[in-house]
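Understanding the architecture of this molecule
Letter by letter, the chains look like this.
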Amino acid sequence: MRDAEAVTFGSAGLDRASGLRAKPEALAALLKRPDARVLPMWQGLVPVVDAGLATVSPGHPALADAAGTPTLLGLDDGVPWFGADISAWTPDIADAAANAAFLDPREQRHPALPAESRFVELRAVMTRLTRREAEIAATARALFGWHATHGFCPRCGHASEPAMGGWIRRCPNCRAELYPRTDPVVIMLITRGDRVLLGRSAAWPQGMYSLLAGFIEPGETVEAAVRREVLEEAGVRVGAVNYLASQPWPFPASLMIGCRGEALSDAIEIDPAEIEDARWVSRQEMVDVLSGANPAIRPAREGAIAHFLIQRWMEDRLD
Ligand SMILES: [Zn+2]
């Protein structure tokens, strides 16, 4: 797909400067640069102002609760961007229950950040960030989320420690090196003539339908995962499968692999344990769905790769 990278969280060409991660002196020198920017992340939320991400200088009071040295996320046209996890900071009133919601509705203000800035759920602002900001925020969210949930060595159970400038963890007991995980998920535009297969999960907002998706299993190819998931969830057999586009989806650590598949059968038989409903939707119907005029079907959220692929399919731009 020619404009695959136009997807939200698509690569904007950030220079990750991975060669610097093993050079503490070089990282320290970058942190001293007057133009260095640090993105504080708090419990998976990103700080934003109207203009985009809210960043601070190294040493800013908002970073007082940061765990360790800020992590170099990359160079944006030469400007060093760091991230710092300040999840240890406790606001006066925290509503932990809200954390479990489908779209985190929390907004949190930090007293050391400008009054107009807020920590917000990345999904709520992903479509209004610049492409470079979205790439940086997705990277930080995935990386810090991994650190927060992988504090112990999976081999020996000992507490592990960040290493390589914050890009891996190392076990001081058995010397294991632990790498951030990314979980591959297939998401598929299954078509039959001029119709596309949509499904919905019971946990989604009412009426929302999207493309079917599922985690790739150990020992499975992308193509096999597409065919298996569609057969399991909707009872539809799929023939030819081809790759379209991918999207990092750091909620918490997925890589969405967007594919197109040609259905070989029409009849839908859902697995109620997996999805609540599935249906074929024609191009004609989809015009109303995307414009919000269909009373029964609400489209996948803008910014999600499902929305991107459906829109490209409608515009005949999948090549
Ligand atoms: Zn170990």
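As recorded in an unreviewed UniProt entry, the protein goes by the name NAD(+) diphosphatase, listed as coming from Haematobacter massiliensis. For the record of the protein, the UniProt heading Catalytic activity (unreviewed entry) holds the text "a 5'-end NAD(+)-phospho-ribonucleoside in mRNA + H2O = a 5'-end phospho-adenosine-phospho-ribonucleoside in mRNA + beta-nicotinamide D-ribonucleotide + 2 H(+)". Entered under Sequence similarities (unreviewed entry) in the UniProt record, the comment concerning the protein runs "Belongs to the Nudix hydrolase family. NudC subfamily."

In this structure, the largest pocket encloses a volume near 750 Å³. Around the largest pocket, the lining is made up of 33 residues, and of these Ile-187, Trp-204, Ala-213, Trp-249 and Met-256 lie nearest the centre. Broken down by secondary-structure element, the contributors of at least two residues to the lining of the largest pocket are β10 (183-192), β11 (195-200), β12 (212-215), α4 (222-234), β13 (238-249), β14 (254-263) and α6 (305-314). Computed from the structure, the second largest pocket encloses a volume of approximately 500 Å³. Contributing to the lining of the second largest pocket are 28 residues, with Ala-67, Gly-68, Thr-69, Thr-71 and Pro-162 lying nearest its centre. If you list the elements that add at least two residues to the lining of the second largest pocket, you get α1 (24-31), β4 (71-76), β5 (79-85), α3 (131-149) and β7 (161-163). Among the residues making up the lining of the second largest pocket, the classes are represented as 16 nonpolar, eight polar and four charged.

With 49 residues, the main nonpolar core has Val-46, Leu-198 and Leu-211 as its most contacted residues. Tallying contributions element by element places α3 first for this core, with seven residues. For this core, the two domains that each supply at least three residues are domain 1 (18-91 + 100-150) and domain 3 (183-315).

So, about the pattern of salt bridges. Scanning the entire structure with this criterion turns up 18 salt bridges. The residue Arg-317 makes a salt bridge to Asp-3 at a minimum N-O spacing of 3.0 Å. Taken together, the residues Arg-317 in the segment after α6 and Asp-3 in the segment before α1 connect sequence positions 314 residues apart. On the basis of relative accessibility, which here comes to 37%, the residue Arg-317 falls in the partly exposed class.

Moving on: the pairing of β12. Of the two faces of β12, the one lined by Leu-212 and Gly-214 is fully buried and the one lined by Ala-213 and Phe-215 carries no buried residue. Two elements, β10 and β12, share four bridges in a ladder whose sense is antiparallel. Residue Ile-187 lies in a different strand from β12, and its bridge partner there is Ala-213.

A few words now on the confidence of the model for the protein. Residues at a pLDDT of 70 or more form 96% of the protein, whose mean pLDDT is 94. Across residues 95-104, confidence stays below pLDDT 50; counting only partners more than four residues off in sequence or on other chains, it has 16 contacts.

This brings us to the environment of Glu-121. One can find Glu-121 in the loop between β6 (118-120) and α2 (122-125). Taking C-alpha positions, Glu-121 is 8.9 Å from Pro-47, a pair spaced 74 residues apart along the chain. A polar atom in the side chain of Glu-121 sits 3.1 Å from the side chain of Arg-123.

Burial of β14 is extensive: seven of the ten residues sit out of reach of the surface. Taken together, the nine bridges between β10 and β14 define a ladder with parallel strand orientation. If you follow Ile-187 over to β14, its bridge partner there is Gly-258. Note that β13 and β14 share nine bridges and pair antiparallel.

In this section: the packing of aromatic side chains. Tallied over the full model, the rule gives five aromatic pairs. On the basis of an interplanar angle of 65° and a centroid distance of 6.1 Å, the ring pair of Phe-9 and Trp-249 is categorised as edge-to-face. Here Phe-9 is found in the segment before α1, whereas its partner Trp-249 is found in strand β13, with 240 residues between them in sequence. The same class applies to Phe-9 as to Trp-249, namely buried. Three or more aromatic residues joined by ring pairs make a cluster, and in this case those are Phe-9, Trp-249 and Phe-251.

Reading guide: rules and limits
Along each chain, the written sequence defines residue order, and numbers are assigned to residues from 1. pLDDT decides what is reported in this predicted model: residues at 70 or higher carry local features, side-chain atom pairs at 80 or more are listed and counted, and totals for whole chains, interfaces and linings draw on all residues regardless. Neither water nor hydrogens contribute to the side-chain values; these are computed over all heavy atoms in the structure. UniProt positions are given in the numbering used here, feature names are shortened, and annotations may be inferred rather than shown by experiment. Lining residues are defined by having an atom within 4 Å of a point belonging to a cavity or pocket. Those points lie on a 1 Å grid over the protein atoms alone, cavities being sets where a 1.4 Å probe fits but cannot get out and pockets being open sets with protein on both sides within 12 Å along at least five of seven lines. Grid points are joined across faces, edges and corners, and a volume is the space filled by probe spheres set on the points. Secondary structure elements follow DSSP: runs of H or I no shorter than four residues count as helices, runs of E no shorter than two count as strands, and numbering proceeds from the N terminus. Polar here means any residue other than Ala, Val, Leu, Ile, Met, Phe, Trp, Tyr, Cys and Pro, which are nonpolar, and Asp, Glu, Lys and Arg, which are charged; Gly is therefore polar. Throughout, nonpolar core names a set of buried Ala, Val, Leu, Ile, Met, Phe, Trp, Tyr and Cys residues whose side chains join them through atoms within 4.5 Å. The buried label applies to any residue whose accessible area, calculated with a 1.4 Å probe on protein chains only, is under 20% of its type's maximum; exposed applies above 50%, and partly exposed to all values in between. An automatic or database domain assignment is the source of the domain bounds shown. The working definition used for a salt bridge is a side-chain nitrogen of Lys or Arg within 4 Å of a carboxyl oxygen of Asp or Glu. At least two bridges found by DSSP between two strands are what make those strands a pair. The pLDDT score gives, residue by residue, the confidence of the prediction method on a 0 to 100 scale. Between two residues, a contact is recorded if the distance between any of their heavy atoms is within 4.5 Å. Throughout this description, a polar contact denotes any pair of N or O atoms lying within 3.5 Å of each other; where both atoms belong to protein, one of them has to be capable of donating a hydrogen while the other can accept it, and for residues adjacent in sequence the pair is counted only when both atoms sit in side chains. Whether two aromatic rings pair depends on their centres lying within 6.5 Å, for rings of Phe, Tyr and Trp, where Trp uses its six-membered ring; planes under 30 degrees apart make the pair stacked, over 60 edge-to-face, and the rest tilted.

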